Amino acid sequence: MTVKKALITGITGQDGSYLAEFLLEKGYEVHGLVRRSSSFNTWRIDHVRERLILHYGDLVDQNSLVRALETIRPDEVYNLGAQSHVKVSFEMPEYTADVTAMGVLRLLDAARDLGLPTRVYQAGSSEMYGLVQETPQTERTPFHPRSPYAVAKVYGHWMAVNYRESYGLHVSNGILFNHESPRRGENFVTRKITMGLAAIKRGRARDLRLGNLEAKRDWGYAKDYVEVMWLMLQQERPDDYVVATGETHSVREFLEEAFSYAGLNWQDYVRVDAKYFRPAEVDLLLGDPAKARTKLGWAPRVTFRELVRLMVDADMERDGLATRPPR
């Protein structure tokens, strides 16, 4: 029996690590593209690293992409690599465009030039909707990006569509709404909340400073979402899918659930700081996952409340704390 091979860009990130685990469980030979840097940030995949095959490469380096694809000849490619922080994209717009937009073009063009029958998953983002034109957002909702990151993701989305329609590549776009986990980057608001809460419980911090508490997001569990990436590439025809829970919650609601679970009143500790506001805010994101549910048979399993609590538990455990004090 032939073993399927998959290449994951961004394998050391939140989604890449969960996807690597998922594909290993499916019996895949899993390859990952990692950037050369002075510190090898692999903590998310260290527990499965011996079962992975890692390659040095970068989405800003076309030659490294060609070499990786030619060497591996993967059945499936999951392009999860990006400069993915919205606020950072305002400070580093050119770099964000080079990695998050042009990196998609380089990868798709490498696959086309090599003539590989590879199926490609392109990671899109709900941030592409930005100043939303309708609620809930579907695959047909027009994009109105409001950050350099979102603009770059829109470019990648349409380049994937173009290569699909022009060259017959089997490439699907997943328009993923916010998805969190204990492996979320520390500069994202959900981890800032759960880590800040743990620091307050430990006595290492007296307050937590955040930006817009009224921003509403459709928050799901990252581990649920990697399954739908795989499902897209198992379909005979490539397509685009919204991946979401169909529920929206504000940052304030996330705070309330996290702090109350830990037995604290968030209003005693949280301070709004203008420096954390975006130059152009995205107020409301709410996805309609009906197409993914109908065509792929996928549905999220973890609820918003469960997600918040498992993230709080994980950061409390890292700090050697119980979520609630003994009664």
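Structure: see above.
Residue indices follow the written sequence of each chain, beginning from 1 at its first position. Given that this is a predicted model, residues contribute local features only at a pLDDT of at least 70 and side-chain atom pairs are listed and counted only at 80 or more, while totals for whole chains, interfaces and linings are drawn from all residues. The side-chain values count all of the structure's non-hydrogen atoms but skip hydrogen atoms and water molecules.

1. Some details on helix H1 (residues 14-25)
A run of H or I in DSSP counts as a helix once it spans at least four residues, and a run of E counts as a strand once it spans at least two, with each numbered from the N terminus. Helix span is expected to be 1.5 Å times the residue number reduced by one. Taking 1.5 Å per residue, 12 residues should reach 16 Å; H1 reaches 17 Å between its end C-alpha atoms and fits that length. Burial of H1 is extensive: 11 of the 12 residues sit out of reach of the surface. A 1.4 Å probe rolled over the protein chains alone gives each residue an accessible area, and that area as a share of the maximum for its type sets the label: buried under 20%, exposed over 50%, partly exposed in between. Turning to H1, its buried residues are Gln14, Asp15, Gly16, Ser17, Tyr18, Leu19, Ala20, Glu21, Phe22, Leu23 and Leu24. Gly27 sits one or two residues past H1 and shows a positive phi near 90°.

2. Regarding the sheet that holds strand S2 (residues 29-34)
The sheet built from seven strands is open, its strands ordered S3-S2-S1-S4-S5-S6-S11 with parallel pairing. Each end of this open sheet is capped by a strand with a single partner; those strands are strand S3 (53-56) and strand S11 (240-243). Averaged over all neighbouring strand pairs, the angle between strand axes comes to 20°, with direction disregarded. Taken together, the four bridges between S2 and S3 define a ladder with parallel strand orientation. In the sheet register, Leu33 faces S3, and the bridge partner there is His55. Those strands touched by helix H5 (residues 148-167) are strand S5 (119-125), strand S6 (170-176) and S11, and its axis lies near 150° from that of S6. The pairing criterion is simple: DSSP has to find at least two bridges between the two strands. For helices, the fitted axis covers only the stretch in contact; all axes are lines through C-alpha atoms, and the angles between them, taken along N-to-C directions, range from 0 to 180 degrees. Pairs of residues are marked as contacts when any of their non-hydrogen atoms sit within 4.5 Å.

3. So, helix H8 (residues 251-261)
What H8 keeps buried is the set Val251, Phe254, Leu255, Glu257, Ala258, Phe259 and Tyr261. On its buried face, H8 is in contact with helix H6 (189-202), strand S8 (208-210), strand S12 (249-250), strand S13 (270-272) and helix H10 (304-318). Phi turns positive, to about 80°, at Gly263, one or two residues after H8.

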